[in-house]
Amino acid sequence: MTGSALDPAAPEALLPVATLPPWRPLLRAAREREGRSPAARWLQLATLAADGTPRLRTLVFRGWGGPRALDLLTDGRSAKTAELGLQPAVELCWLLPKARAQFRLRGQLQIVPEPLLKQERQRHWQALSPGGRALWGWPEPGAPLERGASFPQELAAALPLPEHFVLLRIALEQVELLALSGHPHRRRRWRLATDWREEDLNP
Ligand SMILES: Cc1cc2nc3c(=O)[nH]c(=O)nc-3n(C[C@H](O)[C@H](O)[C@H](O)COP(=O)(O)O)c2cc1C
């Protein structure tokens, strides 16, 4: 999927750096090392399926919805949306190869109240490229492919928000960083429960 990650109009962009959890500047620096590589925006989202087995897939990071709130976009008809309805706990894995850094982020799907939810969905919809938006004009993900079904290449921003255009806002509770750049490797953890105090761990 394509589309812009950080919208400078987002309230988040106005926050002073001091109010951010300490792992945020580290993540930002590691992402900056990627330059224009798409790896800077691709992460893996793990959920739990109804039968208790894990599910994993790649998503695009769409920006921050708050100091510890990470935004993703998906199709409300997809399996992950149903899985998150049953079990809102997730883990994300973000590999930033140039920094030789792996971030593992744990959190919960946050319930965003209306009217904020509508505003935020609208903001993300506008920020997408026409090609990025097109995916929400495609038939139900994961359903059997039907001959002759329509898969538009672009959708205009002016179109009404599709109901299945879903914002997944993940409220992060724990972040772990493994950095392979030095010897020995360095592993650190921050937990919301301890006010994001940095803990050094064996790698
Ligand atoms: C590079 C890449 C980026 C992707 N970005 C997204 C995304 O932002 N949102 C999304 O719902 N699916 C995205 N996908 C597709 C998902 O990986 C997945 O195939 C799809 O969402 C269906 O997942 P599910 O059946 O587990 O719900 C992306 C796939 C790749 C390879």
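Look up a bit, the structure's there.
Because the structure is predicted, anything quoted here is derived from the model rather than measured.

Enquirer: Before we move on, can you summarise a nonpolar patch on the surface with the specific residues and values?
Expert: A surface patch of nonpolar side chains, about 330 Å² in accessible area, is lined by Trp138, Leu145 and Phe151. Residue placement: Trp138 occurs in the loop between α4 (130-134) and β7 (165-179). Given the relative accessible area of 33%, Trp138 is considered partly exposed.

Enquirer: Help me get a handle on the site of the ligand, residues and values and all.
Expert: Contacts to the ligand come from twelve residues, most closely from Arg57, Thr58, Leu73, Thr74 and Lys80. Here an oxygen atom of the ligand sits 2.7 Å away from a polar atom, N or O, in the main chain of Thr58. The contact in question runs from an oxygen atom of the ligand to an N or O atom on the backbone of Val60, over 3.0 Å. Across the complex, the protein chains shield 67% of the 620 Å² of accessible surface that the ligand would expose by itself.

Enquirer: Can you explain the layout of surface pockets? Please cite residues and give values.
Expert: If you add up the space inside the largest pocket, you get close to 510 Å³. Contributing to the lining of the largest pocket are 25 residues, with Asp75, Pro139, Glu140, Pro141 and Gly142 lying nearest its centre. Broken down by secondary-structure element, the contributors of at least two residues to the lining of the largest pocket are β2 (54-60), β4 (69-75) and α2 (79-86). Residue composition of the lining of the largest pocket, grouped by class: 16 nonpolar, four polar and five charged.

Enquirer: Describe in detail the pairing of strand β8 (residues 186-191), supporting the description with residues and values.
Expert: A regular strand places its side chains on the two faces of the sheet in alternate fashion. Of the strand pairs in this sheet, β7 and β8 are connected by six bridges, and their pairing is antiparallel. Within the sheet, the bridge partner assigned to Val175 lies in β8 and is Trp190. Connecting β7 to the next strand, β8, in antiparallel fashion are six residues. Counting the residues between successive antiparallel strands, the hairpin from β8 to strand β9 (residues 197-201) contains five residues, one of them, Asp195, with a positive phi of roughly 55°.

Enquirer: Before we move on, could you go through the pattern of salt bridges and cite the residues and values that matter?
Expert: The tally for this structure, following the rule as stated, stands at 15 salt bridges. Residue Asp71 pairs with Arg169 through a salt bridge whose shortest N-O separation is 2.7 Å. Highlighted residues: Asp71 in strand β4 and Arg169 in strand β7, separated in sequence by 98 residues. Residue Arg169 is classed as buried on the basis of its relative accessible area of 3%. Salt bridges sharing common partners tie together Asp71, Glu120, Arg123 and Arg169.

Quick notes on the rules
Residues numbered from 1 in each chain as written. Predicted model: local features only at pLDDT ≥ 70, side-chain atom pairs only at ≥ 80, totals over all residues. Heavy atoms only, no water. Patch = residues over 30% accessible without salt bridge, like charges linked within 9 Å, V, L, I, M, F, W, Y side chains within 5 Å. Areas by Shrake-Rupley, 256 points an atom, 1.4 Å probe, with all protein chains shown as cover. Salt bridge = Lys/Arg side-chain N within 4 Å of Asp/Glu carboxyl O. Helix = DSSP H or I, 4+ residues; strand = E, 2+ residues; numbered from the N terminus. Buried < 20%, exposed > 50% of the residue type's maximum accessible area, 1.4 Å probe, protein only. Near = heavy atom within 4 Å. Polar contact = N/O pair within 3.5 Å; in protein donor to acceptor, adjacent residues only side chain to side chain. 1 Å grid on protein atoms, 1.4 Å probe; cavity = no way out; pocket = protein on both sides within 12 Å on 5 of 7 lines; lining within 4 Å. Points joined across faces, edges and corners; volume = space filled by probe spheres on them. Nonpolar A, V, L, I, M, F, W, Y, C, P; charged D, E, K, R; others polar. Pairing = 2+ DSSP bridges.

On their own, these measurements won't tell you what the molecule is for.
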